[in-house]
Amino acid sequence: EKPTVEFSVLAAPLERMVGVSHVTLQGLCFELGRAEGLVMTGGEQNLLAGCTFRRFGTNAIIVQGGAGHGILGCDLATLGAGGIRMAGGEVKTLTPSRHFVENCHVWDFSRVDRAYAPAVQLEGVGGRIAHNLFHDSPHHAMRIEGYEHAIEWNEIHSVVYESDDQAGIDLWGNPTYRGIVIR
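No experiment lies behind these values; they were computed from the predicted model shown.

## Description of the overall build of the protein chain
Right, on to step 1. The secondary structure content of the protein chain amounts to zero helices and 20 strands.
Right, on to step 2. Here the C-alpha radius of gyration of the protein chain, 16 Å, is about what a compact globule of 183 residues would show, namely 16 Å.
Right, on to step 3. Taken over the C-alpha atoms alone, the protein chain extends approximately 60 × 40 × 25 Å along its principal axes.
Right, on to step 4. In the protein chain, the proportion of contacts linking residues at least 24 apart, taken out of those at least 6 apart, comes to 53%.
Right, on to step 5. A total of about 8900 Å² of accessible surface is found on the protein chain, and carbon and sulfur atoms cover 51% of it.
Right, on to step 6. In the protein chain, the 14 positive side-chain charges and the 21 negative ones have mean positions that sit 4 Å from each other.

Here's what the structure looks like:
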């Protein structure tokens, strides 16, 4: 059998969800793109459940704004940059985003962007990262920025094998950040 070589020519995300609310994408496989797998902007209470994201040139999933979006039980692998970039909530009023990443498995990320492309980057207010497995990256597994986030019961191994100033969880040195719980 001859080997197969695949090259994506799509330089845009495979899926964009702009202002969409109350949608569940379940059991889908997003694969092989030069950009992101899915970009979600605004909206509320969308859920990605049991989906697979693999072989992307940048990040698998980006969530920008909105409220109550969740990534649940998804597998993300072989990524040029990070797994999930998630931002939301209102900093001025400390209104929580209620975004979450739970029970996901993210590995073999930061293949092209060797630094500052974690499995999950969480920004804003009131997000949750729980019960996940992150491994096999030259840099950190999580980057946390903002307020009142809950980071709990995650397993991290085999990361930071090319950097010298990182750890499994990177909480950047902004002295105003508060209320972040790490268990």
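## As for the nonpolar core
Right, on to step 1. Judged by nonpolar contacts, the single largest core of 33 residues is most densely connected at Leu38, Phe53, Ile61, Ile71 and Leu76.
Right, on to step 2. Those residues within four positions of isoleucine 61 in sequence are excluded, and the remaining contacts are Leu38, Leu48, Phe53, Ile71, Leu76, Gly83, Ile84 and Arg85.

## Details of the environment of valine 20
Right, on to step 1. Its place among the elements puts valine 20 in the loop between strand E1 (15–18) and strand E2 (24–26).
Right, on to step 2. A relative accessible area of 26% means that valine 20 is categorised as partly exposed.
Right, on to step 3. For the pair valine 20 and glycine 66, spaced 46 residues apart in the sequence, the C-alpha separation amounts to 9.2 Å.

## Focus on the pairing of strand E9 (residues 75–79)
Right, on to step 1. By the bridge criterion, four bridges tie strand E6 (residues 52–56) to E9 in an arrangement that is parallel. Bridge pairing links threonine 52 to aspartate 75 in E9.
Right, on to step 2. Relative to strand E12 (residues 105–107), E9 runs parallel, the two being bridged by three bridges. Paired with aspartate 75 across the two strands is histidine 105, which belongs to E12.

## Quick look at the pairing of E6
Right, on to step 1. Here strand E3 (residues 29–33) runs beside E6; their pairing, made up of four bridges, is parallel. Residue pairing across strands places phenylalanine 30 opposite phenylalanine 53, the latter belonging to E6.

## A word on the state of the cysteines
Right, on to step 1. In total, this model carries zero disulfides according to the counting rule given.
Right, on to step 2. Cysteine cysteine 51 remains unbridged, with the sulfur of cysteine 74 as its closest cysteine sulfur at 4.8 Å.
Right, on to step 3. Note on cysteine 51: relative accessible area 1%, which makes it buried.

## Quick word on the side chain of histidine 69
Right, on to step 1. Of note, histidine 69 is situated in the loop between strand E7 (61–64) and strand E8 (70–72).
Right, on to step 2. The exposure class of histidine 69 is buried, given its relative accessible area of 0%.
Right, on to step 3. Among the polar contacts listed, one links the side chain of histidine 69 to the backbone oxygen of glycine 42, at a separation of 2.8 Å.
Right, on to step 4. Within the structure, histidine 69 has its side chain in polar contact with the backbone nitrogen of asparagine 46 (distance 3.1 Å).

## What to know about the sheet that holds E1
Right, on to step 1. In space, the seven strands of this open sheet follow the order E1-E4-E7-E10-E13-E16-E19, with parallel pairing throughout. In this open sheet, the two strands that pair with only one neighbour each are E1 and strand E19 (169–171). Here the strands of the sheet are splayed against their neighbours by 10° on average, with no regard to which way each runs.
Right, on to step 2. Relative to E19, strand E16 (residues 142–147) runs parallel, the two sharing three bridges. In the strand pairing of E19, isoleucine 144 is matched with leucine 171.

Each value, and the rule that gives it
- Residues numbered from 1 in each chain as written.
- Predicted model: local features only at pLDDT ≥ 70, side-chain atom pairs only at ≥ 80, totals over all residues.
- Heavy atoms only, no water.
- Helix = DSSP H or I, 4+ residues; strand = E, 2+ residues; numbered from the N terminus.
- Rg over C-alpha atoms; globule rule 2.2 N^0.38 Å.
- Contact = heavy atoms within 4.5 Å.
- Areas by Shrake-Rupley, 256 points an atom, 1.4 Å probe, with all protein chains shown as cover.
- Lys, Arg positive; Asp, Glu negative; His and termini not counted.
- Charge placed at Lys NZ, Arg CZ, Asp CG, Glu CD.
- Core = buried A, V, L, I, M, F, W, Y, C linked by side-chain atoms within 4.5 Å.
- Buried < 20%, exposed > 50% of the residue type's maximum accessible area, 1.4 Å probe, protein only.
- Pairing = 2+ DSSP bridges.
- Disulfide = S-S within 2.5 Å.
- Polar contact = N/O pair within 3.5 Å; in protein donor to acceptor, adjacent residues only side chain to side chain.
- Axes fitted to C-alpha atoms, helices over the stretch in contact; angles between N-to-C directions.

Honestly, it's all geometry; don't read function into it.
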